[in-house]
Amino acid sequence: MLAKLKSDSASNACIRLLASACFAVFSVFNHCDAQVIAPGLDQAPSNSYPNAQYYLALEIYREGDLGTAAEAFDSALGQCRKDINGRWIDAIPVHAMLAECFYQAGDLAAASEQIDMALALAIRNRGWLSALEWQDSTVAAIMTPDPASAWAGTNLPAIVPLSDKVKMGTGNADVAGQIQRGGVFESFRLTSIDAVEIMRGISIASYRRRVIYGQLSNQTEIVAQSLDATKIPSGLQLPIPRALIVAMRGCERFGGGEDAETIVDVGKAAFIGNAAHPLSAMLLLSGARAVAMTDKYVDAVPMAMQAAITASALRQPEWVGEAMLVAAGCLDNKSAGAFLASANNAAGMHLRRGRVASVGALLAACEASLLVGDTGAAQVALTQAASLLQRRDMQQPRLAAHGEYLAARAAAQTGASFGLSEPSLIDQSLARMFTFTAGNGPKLGRGGANNRRPNGNTPATPRLFQLGLVTAGARSRGVGGKVVDEKVNLYAADPTDAVWRADPVDAIAYQVFDRSQSVAAQLVSAIKRNATNELLALVDKLHRQRFLATQSLGGRVLQARRLAATENALLTEPVAAAMAKPPATLTEMVNILAMPLPLPGSPELAARGERLESLAALLALQRGELPGASPPAIVGPSDLQRLPKNTALLTFAELDGTTIAVLFAKEKIKTWNVTPTKAVAGEIVKLLRELGVSSNRSAERLGDETVWKKQSAALRRKLIPDSYLEDLESSENLVVVPDGVLWYLPFELLLLGDENADSLGDRMLIRYSPTPGLAVHPVAFPNFDRPTGLVSQLFFAPRDPEANTQMMAQVRDALKASTTLPTDPPVIGALLGESIGPLAVFGIVSPNPANPFAFSPTIYDAADPFGSLAAWGRFPSRVPRSVFLPGFRTAATSPTLGDGREIFLTLTALHCSGVRDVMLSRWAVGGESTSLLMKEFLQELSFEGIQPAWRRAIQALRESPLNPDAEPLLGAKDKEREELTGDHPLFWSGYIIDTPPEMVKK
């Protein structure tokens, strides 16, 4: 529909015409003297349809008391007229307003039910518009605007004088036939009804349905049936009723996703002559939202403002604030100033009548103030809104959540950032916002229609609600079909600019939600469709999503940091193209980073970091998409051409207990299913036990070579069937992207045949990567020319300090240049990149899977909050380009293994902080073997680079004799061996080398 809208020249012309007509709104916004006002349009008549209780509830709703209003609407529903078919059309506006109560409280399922009930009544009572005596719909009185609308000054429209009592023929004139058929007898009579309010109820229900269902709004028949049931009666020529029906149908069209048609109807029926009617505000608001979803979204501002003015004049304050919030999402710097004055004046004028309008207007004024850089005015507006929301008779959870979003954004704009060790002002505001978005809003009423959420909470934001529907549909119908796949693809992506403009709370709630299951469904669909060209990009997307779900705002803060800090040459092409015109906030970050780095520990450095973090938080909170710069993504097959020749890429993805393998080799992509994950985990445990990693034989850890080789051969066949070996064997290098328990498996040990065959490690050089994108896209250029930083603890010989010192000296003496860490004064690990090249930490590093970013990679600064891995990704960090952790301890030594989370998150987090090369161990070995390995490796780095140096070091270790007494992992019987070399896999196969393709140094 969006494409249709863009291509519809008539619709675009209509947008421009309406925008120019509405732009006069911004010429006002000075306080105007109050006028003498006639009795209100919405006074509750007696013996009316809808009933008097409905109008009373409507007044309560307009003052913001959501709970009391919901109970009053529920009471009104019970008083609605019933005919032989059940409730009559006078229940339509009651259902619509009950839906509004549930929507504002965050219960979208209940709101949706009420909307469907309202539209079902319109469908069931089709033809009721033809039964109205429309000639009685106008009155001779002059309708004057609500005094609260004086904020709009001369822009106030005239008001069409409409009656709240229009005669309608009800019952059945065929009395004899009715009795003969045995039906309930209801004689024909003329009934006076508020027909326009019923039509407004249909408009409200249709409008809110679109807000709740978003891009799924055209997926059901109810809107089409409603449109069919509300056609203009044949022969009706009176201009006013025709315009009213067109306006109602325009809202219905918006409810069904027909945006272009809605905009056309705005031009036809938003006003009758120059006068507004009771449906004007709803139609203008529908049109504004439709325009806001196009690339001409700025044109929505005057239309939304005209909706606010019209709603205010018509005594419909519940739509004033909403219209202003719609406008606030589409503001630019040119329109923000005039809008700000308008919103502040509207907020003040509605304090005595329609306070819910004041809250929305104040929140819109806050956003406009932030946009023009007036944080003081923003804080004043926020304080005033909070004061209203804290009143006992004011209950507006959705508006309160929007206020928390703005409070977080204002805090970022005044220098706050996301907290590291303690929650910051931003974190606290967002925590309260997320309490609402998670579905923890109030339960409205004590029974009846309002007794909702008996079995737990449901998401309170539209896009998450829609995702639930898509997920349920995919589960029942299965992926692989065009309709289901289109929906899944739509909801696996980050929120679009249009979603951000419509509702930033909705966008943030969706951004932070872990959409791994949706991406997994995409992957399964691609496999079913045999779309092999899509597989690697989807596997990459799955791994990226799992990591980003652990980051602040679903990775938006990370993206802001890396967009500013990553060199342009290292950005992927789509990201670089998207940032051709960077936001002003990002430009400021780049300019700060271009300045020389202040001295470590200086106040200037701390101030620089605080400013950068504040800007990153602000950029993350501002409305709009951010390109996915980190971890870098694989977009298409062309990315795979970055792999060196004769290199294969083997990736795994665990999906609901099944592991999928995807192999890229010889420029072809192949895929297969692996044995169920639990079975593979058991085989890995057995293999590691035989290697001595998790052996329960404390006296003898080194098992029988024949046994572990048989296990390895069997495990390889389960992971890589024989039919795919030819593709592997033709490659000289292999990059493995494991998943789950496969992170604990040394792929180097997998045999290419039976127990007598060569292993993968014998045939090719193997490196690892946490995502396919990181396997081909470096995050930094190599830097081995600076000294190597060395951190040393009792690692090589835990019970012999003297021997440990000697082994450490052998490593240090082999290096051309080295720096012993910590220095005096100590420098935290996140800033070591200014003074060293590689970093090697010879000590036990133990991550906590429950808090995976809290450990210190350098160990010595573990007590400092800025020494944690989480801090490595924050400004003003300058991390080492290469980090080697031979003492990294994982769940590989656990009898039941883990899920690989600690390895995956550590590797990805290091890369996302700017570390190019990583080496860590699945299990810590220590001893003479590790000393020899690291000495050979580190001394060759500056000459050969990571991969050749590692190959040479492994070869040297495997050929070297070892002293059993100098290996802390060995038991008593192991030490009785007459001959021991580093060839045993326990000493060399537990290391993970994670480095991208070699690039020219810069």
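Just above sits the structure.
None of the values given here were measured: they were computed from a predicted structure.

Draft legend 1. Focus on the sheet that holds strand β10 (residues 733-737). Read from one edge to the other, the open sheet built from five strands follows the order β9-β8-β7-β10-β11, with strand pairing classed as mixed. At either end of the open sheet lies a strand with only one pairing partner, and these are β9 (668-673) and β11 (765-768). Between one strand and the next, the sheet's axes are offset by a mean angle of 20°, whatever the strand orientation. Two strands pair when backbone bridges link them, and strand β8 (residues 658-665) and β9 are joined in this way by six bridges, in the antiparallel orientation.

Draft legend 2. Structural view of the environment of Gln215. Relative to the helices and strands, Gln215 resides in the loop between α8 (195-213) and α9 (222-229). Residue class for Gln215 comes out partly exposed when judged on its relative accessible area of 42%. When residues no more than four places from it in sequence are discounted, the contact partners of Gln215 are Arg463, Gln466, Leu490 and Tyr491. Within the structure, the side chain of Gln215 is placed 3.0 Å from the side chain of Arg463, a separation counted as a polar contact.

Draft legend 3. Molecular detail of the packing of aromatic side chains. Scanning the entire structure with this criterion turns up 17 aromatic pairs. Residues Trp672 and Tyr724 carry aromatic rings whose centres are separated by 4.0 Å and whose planes lie at 25° to one another, so their mutual orientation is stacked. Note that Trp672 is positioned in strand β9 and Tyr724 in the loop between α31 (705-719) and α32 (725-729), a separation of 52 residues in sequence. Of the two residues, Trp672 and Tyr724, both sit in the buried class. For the ring pair Phe795 and Phe796, a centre distance of 5.4 Å and an interplane angle of 55° mean the geometry is tilted.

Draft legend 4. Quick peek at the packing of helix α10 (residues 239-255) against helix α12 (residues 280-292). At a minimum axis separation of 9 Å, α10 and α12 run at an interaxial angle of 30°. Crossing angle aside, the handedness with which α10 passes α12 is left-handed. Within the contact between the two elements, α10 uses Ala247, Gly250, Cys251 and Phe254 and α12 uses Met282, Leu283, Ser286, Arg289 and Ala290. Residues of the contact of α10 with α12, tallied by class, amount to six nonpolar, two polar and one charged.

Draft legend 5. Seen up close, the environment of Leu536. Tracing the chain through its elements places Leu536 in helix α25 (residues 535-548). Its relative accessible area of 3% is what places Leu536 among the buried residues. In this structure, the C-alpha to C-alpha distance between Leu536 and Ser369, residues 167 residues apart in sequence, is 45 Å. In contact with Leu536, other than residues within four places in its own chain, are Leu640, Leu649, Thr651, Val662, Phe664, Ile669 and Pro772.

Draft legend 6. Representation of the sheet that holds strand β16 (residues 917-921). Pairing is mixed across the open sheet formed by six strands, whose spatial order is β13-β12-β14-β15-β16-β17. On the outer flanks of this sheet lie β13 (818-821) and β17 (991-994), each paired with one strand and no other. On average, each strand axis in the sheet is tilted by 15° relative to the strand beside it, whichever way the strands run.

Draft legend 7. Focus on unusual backbone geometry. Cis geometry is adopted by the peptide bond preceding Pro822, which originates at Leu821 and carries an omega value of 0°. Looking at the secondary structure, you find Pro822 in the loop between β13 and β14 (838-842). Cis geometry is adopted by the peptide bond preceding Pro876, which originates at Phe875 and carries an omega value of 10°. When you line up the elements, Pro876 lands in the loop between α36 (869-872) and β15 (882-885). Although it is not a glycine, Arg315 adopts a positive phi angle of roughly 65°. Along the chain, Arg315 falls in the loop between α13 (300-313) and α14 (320-328). You can call Arg315 buried: its relative accessible area is 4%.

Draft legend 8. Up close: α9. Among all positions in α9, only Ile222, Val223, Ser226, Leu227 and Ala229 are buried. Taken end-on, α9 shows its buried residues confined to a sector of 165°, consistent with a single buried face. Looking at the buried residues of α9, the elements they touch are α6 (108-124), α8 and α10.

Draft legend 9. How the structure looks around the pattern of salt bridges. Across all of its chains, the model carries 38 salt bridges by this definition. With a shortest N-O distance of 3.5 Å, Glu63 and Arg355 are connected by a salt bridge. Highlighted residues: Glu63 in the loop between α3 (52-62) and α4 (66-78) and Arg355 in helix α16 (residues 355-372), separated in sequence by 292 residues. For Arg355, a relative accessible area of 10% translates into the label buried.

Draft legend 10. Region of the structure containing α4. Between its first and last C-alpha atoms α4 spans 19 Å; for 13 residues at 1.5 Å apiece the expected length is 18 Å, and the two agree. Among all positions of α4, only Leu66, Gly67, Ala69, Ala70, Ala72, Phe73, Ala76 and Leu77 are buried. Against α3, β2 (86-87), α5 (92-105) and α18 (397-413) lie the buried residues of α4.

Calculation rules
Residues numbered from 1 in each chain as written. Predicted model: local features only at pLDDT ≥ 70, side-chain atom pairs only at ≥ 80, totals over all residues. Heavy atoms only, no water. Pairing = 2+ DSSP bridges. Helix = DSSP H or I, 4+ residues; strand = E, 2+ residues; numbered from the N terminus. Axes fitted to C-alpha atoms, helices over the stretch in contact; angles between N-to-C directions. Buried < 20%, exposed > 50% of the residue type's maximum accessible area, 1.4 Å probe, protein only. Contact = heavy atoms within 4.5 Å. Polar contact = N/O pair within 3.5 Å; in protein donor to acceptor, adjacent residues only side chain to side chain. Phe/Tyr/Trp six-rings, centres within 6.5 Å; stacked < 30°, edge-to-face > 60°. Left-handed = near helix turned anticlockwise from the far one by under 90°. Nonpolar A, V, L, I, M, F, W, Y, C, P; charged D, E, K, R; others polar. Arc of directions from axis to C-beta. Salt bridge = Lys/Arg side-chain N within 4 Å of Asp/Glu carboxyl O. Expected span 1.5 Å × (residues − 1).

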